[in-house]
Amino acid sequence: MVKPVTPQVLPVVQPQTLSATAPSGPVLTAAPCCWCRVFNTDVNAHGSTYVLSTQHPNFNLSYKLKIDFIANQVVVSRILGWGSVDPGISQADKDAVQQALASAVPTFLSNNYKLKVTDPSCAPGFKELPIRFEISWSGTPSIRVNLLPGPSRSTASGTVMNLDTHDTQENNFTLTHELMHTFGQVDEYMYGSGTSASAEYHRADGTSVTITYPHTNPNLMSARSHNLEARLFWFVEIEAQKFLRSATGLGRTGVTCEVV
Amino acid sequence: MRGRLTAIALLTATFACVYQVSANEEERDNMTLTVALEAPMTAPLMAITPDSPDYNPVKYNVRLSFSNPTSMPKTFPGLAIVRSTVREYRNTRSGNVQSFTIGEPPSLKPELITLAPGKSWSYGIGLEYPAELLQSDRIPIILQLCASWSRSQLDSRIYGDVAFDWAKDFRVCQQIEVVP
């Protein structure tokens, strides 16, 4: 049996008049998502964007750039594929070149410099990401690798690397040197009977630095040395800044990038 | 040899005008290394065009070889020589010339090669794409490729105090027919 319920009379609440003045205390606004995303972009550039040499040619370049604010790294990567390989080259020698380019060379180039990304609208206002390199041999290659018996003269452009079986010598010096050509870096040694030459390296902030050679500070691009100058990585700050300022990046023109 | 034509130019025979050959027999023996240019007789244009899908620098390669025909071992700065060897392409029809001087990064220390009697050592210098010649003339075209080196290219800071037997100027040439 259901017991009847006596209805309650609710009190009438008078509407309040809100003040036109803002309440005191901190105002919470939607903060920009600063260091919380991963950006991937396909870079298509001309080498002259990065460095202009009085003797070394520039090429069209394509590679991938990942700016990963979550894993805290910048990754420069490309895919290689075999072109023609001299039939007299052993599988072991071919494997040695392939494995060195996939592992030892990118490892050597990685974690030497950082990309400092500054955004005044963020807190903190900057973040430093280690610059790393990754080379893959699977997928659609952007560079064809031809392999000749060593010793031979090795070369590289934006689409082709002509390597030889001796290029793994000296801790993969030649492989590393030639790979940097595929990212637009130029030779800093004299060709032929020349007496002087120079290269103008561009920075993301619009400035440039001119290096005249022969010079006395050997580096990866000037002699058989493994020294890595910061300017060899300035191409990363140029592309990262251009991308992060774009609508598909952070979309904020105040963002700056600098290799440190 | 895969159809290659090997042109051998004895330095003392071909370039006696470049430097004087001593009458002293012992010194003459010290000078004698044989330099040869091994190049394909013909090369399809697309096979030497780097941007072409048919580009094949392996099949159409050029090698520079050094042989020791003497009865004594010979030591020479082979890598320093080949890294700064200049390649010059001449259109035999027009006479136009295009040169390539791009080498490889120099070493910071002496690099000497010792050739036993009768032995050879070679280095691939590659067959370049002389665009100025090939884009301005009709194919087929006969190119004369010359590889030359001057001893002045040796870095005296590195090789000044190093003892070796041979470092002489040379210029060796070979003809290549570029076909469609």
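Provided above is the structure to which this section pertains.
Residues numbered from 1 in each chain as written. Chains lettered and ligands numbered in written order. Predicted model: local features only at pLDDT ≥ 70, side-chain atom pairs only at ≥ 80, totals over all residues. Heavy atoms only, no water.

Before going further, it helps to examine helix α1 (residues 91-109) of chain A. Residues three or four positions apart in an α-helix share a direction because the helix packs 3.6 residues into each turn. All names here are of chain A. Between its first and last C-alpha, α1 extends 26 Å over 19 residues, near the 27 Å set by a 1.5 Å rise per residue. The largest bend in α1 comes to about 45 degrees, at A100. For α1, every residue scored as buried is listed here: V97, A100, L101, V105, P106 and L109. Against the buried residues of α1 lie β4 (73-85), β6 (126-136), β7 (143-148), β9 (160-164) and α2 (169-181). At the C-terminal side of α1, N111 shows a positive phi close to 65 degrees. (Helix = DSSP H or I, 4+ residues; strand = E, 2+ residues; numbered from the N terminus. Expected span 1.5 Å × (residues − 1). Bend = angle between axes of the 7 residues up to and from the residue. Buried < 20%, exposed > 50% of the residue type's maximum accessible area, 1.4 Å probe, protein only. Contact = heavy atoms within 4.5 Å.)

All names here are of chain A. According to the stated counting rule, one finds two disulfides over all chains in the structure shown. Across the disulfide from C34 sits C122; the S-S distance is 1.8 Å. The S-S bond linking C34 to C122 shows a torsion near -95 degrees; that makes this disulfide left-handed. With a gap of 88 residues between them, C34 in the segment before β1 (38-46) and C122 in the loop between β5 (114-118) and β6 connect regions that are remote in the sequence. (Disulfide = S-S within 2.5 Å.)

What follows concerns the sheet that holds strand β3 (residues 42-44) of chain B. All names here are of chain B. Strand order in the open sheet made by the five strands is β3-β11-β10-β6-β7, with mixed pairing throughout. In this open sheet, the two edge strands, each paired with only one partner strand, are β3 and β7 (97-100). Strand after strand, the sheet turns through a mean of 30 degrees between neighbouring axes, direction not considered. The sheet contact formed by strand β6 (residues 86-91) and strand β10 (residues 141-149) spans six bridges and is antiparallel. Within β10, the position partnered with R90 by the bridge is Q144. (Pairing = 2+ DSSP bridges. Axes fitted to C-alpha atoms, helices over the stretch in contact; angles between N-to-C directions.)

All names here are of chain A. The three strands lie next to each other as β2-β10-β11, forming an open sheet whose pairing is antiparallel. This sheet does not close on itself; its edge strands, each paired only once, are β2 (51-53) and β11 (208-213). The sheet shows a mean angle of 15 degrees between the axes of neighbouring strands, taken without regard to direction. The pairing of β2 with strand β10 (residues 197-202) spans three bridges and is classified as antiparallel. Considered in β10, the bridge of V51 is made with Y201.

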